[in-house]
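The lines below spell out each chain.
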Amino acid sequence: MNLLDGILNFNKRFVAEKAYEPFLTNALPNKKLLILTCMDTRLVELLPRAMDFRNGDVKIIKNAGALVTHPFGSVMRSILVAVYSLDVHEIAVVGHHGCGMTGLSCRDILDKALAAGVSPDTITMLKHAGIELERWLVGFDQVQDGVQQSVEMIRTHPLLPQKLPVHGLIIHPETGKLDVVVDGYKAAGGAV
Ligand SMILES: [Zn+2]
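Conventions used here
- Residues numbered from 1 in each chain as written.
- Predicted model: local features only at pLDDT ≥ 70, side-chain atom pairs only at ≥ 80, totals over all residues.
- Heavy atoms only, no water.
- Pairing = 2+ DSSP bridges.
- Helix = DSSP H or I, 4+ residues; strand = E, 2+ residues; numbered from the N terminus.
- Polar contact = N/O pair within 3.5 Å; in protein donor to acceptor, adjacent residues only side chain to side chain.
- Core = buried A, V, L, I, M, F, W, Y, C linked by side-chain atoms within 4.5 Å.
- Buried < 20%, exposed > 50% of the residue type's maximum accessible area, 1.4 Å probe, protein only.
- Salt bridge = Lys/Arg side-chain N within 4 Å of Asp/Glu carboxyl O.

(A) Expanded view of the pairing of strand 5 (residues 178–182). Pairing analysis gives four bridges linking strand 4 (residues 166–171) to strand 5, with the strands arranged antiparallel. Bridged to Gly168 within strand 5 is Val182. Hairpin geometry of strand 4 and strand 5 is characterised by an intervening segment of six residues between the two adjacent antiparallel strands and by a positive phi of about 80° at Gly176.

Structure (structure tokens):
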């Protein structure tokens, strides 16, 4: 049985047995919080447990490195929707130690793409088309830098309220211990 068939088989039982009932909730976050965090597998269950939230409590956006790399990209769009339409009053960017985006090498990714059969001509063509791969395929030197940059990008966004608290945290991927990089209440001038 392949992975998808396994998922679908499990899902039939899940629905038939009404295993979903403990998760019933609505679309608005009880804690009025949005979390931007990393897609790291170690955080899938650990992060909600370590931060004490359950289904219905928060909005979560995940990507590689918990990064906001563009002020008008899909992450910022999701944040705007969450703040203005989904009752989010605070944001927490949660990076983690041992993140794969630390020291990410554009060259390394492109080498792997070439080894996977992508044509060198394609990469040349993208560069000629003005796609700045070296600026796009980057992470950060230290996780603190990534968290701080993402917090700043959100905090200073022209379409977001100035008093919106934006916290910056780093979670340990094994113990779940949180360290505060940015206290969003202080940075927002003591709001809430
Ligand atoms: Zn990560």
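(B) Examining helix 5 (residues 120–128) more closely. The distance from a side-chain oxygen at the start of helix 5 to the backbone nitrogen of Asp121 is 2.9 Å, and the residue carrying that oxygen is Ser119. Positive backbone phi, at 90°, marks Gly130, one or two positions downstream of helix 5.

(C) Quick peek at helix 4 (residues 106–115). With a side-chain oxygen positioned 3.3 Å from the backbone nitrogen of Arg107, the residue opening helix 4 is Ser105. Immediately beyond the C-terminal end of helix 4, within one or two residues, lies Gly117, with a positive phi of roughly 110°.

(D) Seen up close, the nonpolar core. Residues Ile35, Ile79, Ile91, Val94, Ile154 and Leu160 are the most contacted members of the largest nonpolar core, which totals 39 residues. At the level of elements, strand 1 (33–38), helix 2 (43–51), strand 2 (58–63), helix 3 (74–85), strand 3 (90–96), helix 7 (143–155) and strand 4 are the ones that each hand at least two residues to this core. Examining the composition of this core, we find that six residues originate from one element, helix 3, more than from any other. Counting five residues, the second largest nonpolar core, distinct from the first, contains Cys106, Leu110, Ile123 and Leu133.

(E) Region of interest: the pattern of salt bridges. Applying the stated rule across the entire model yields eleven salt bridges. Arg54 serves as the salt-bridge partner of Asp52, at 3.0 Å between the closest nitrogen and oxygen. In this structure Arg54 comes out as exposed when scored by relative accessible area, which is 56%. With its nearest N and O atoms 2.7 Å apart, the salt bridge here joins Lys177 to Asp179. What emerges from the salt-bridge pattern is a single network uniting Lys31, Asp52 and Arg54.

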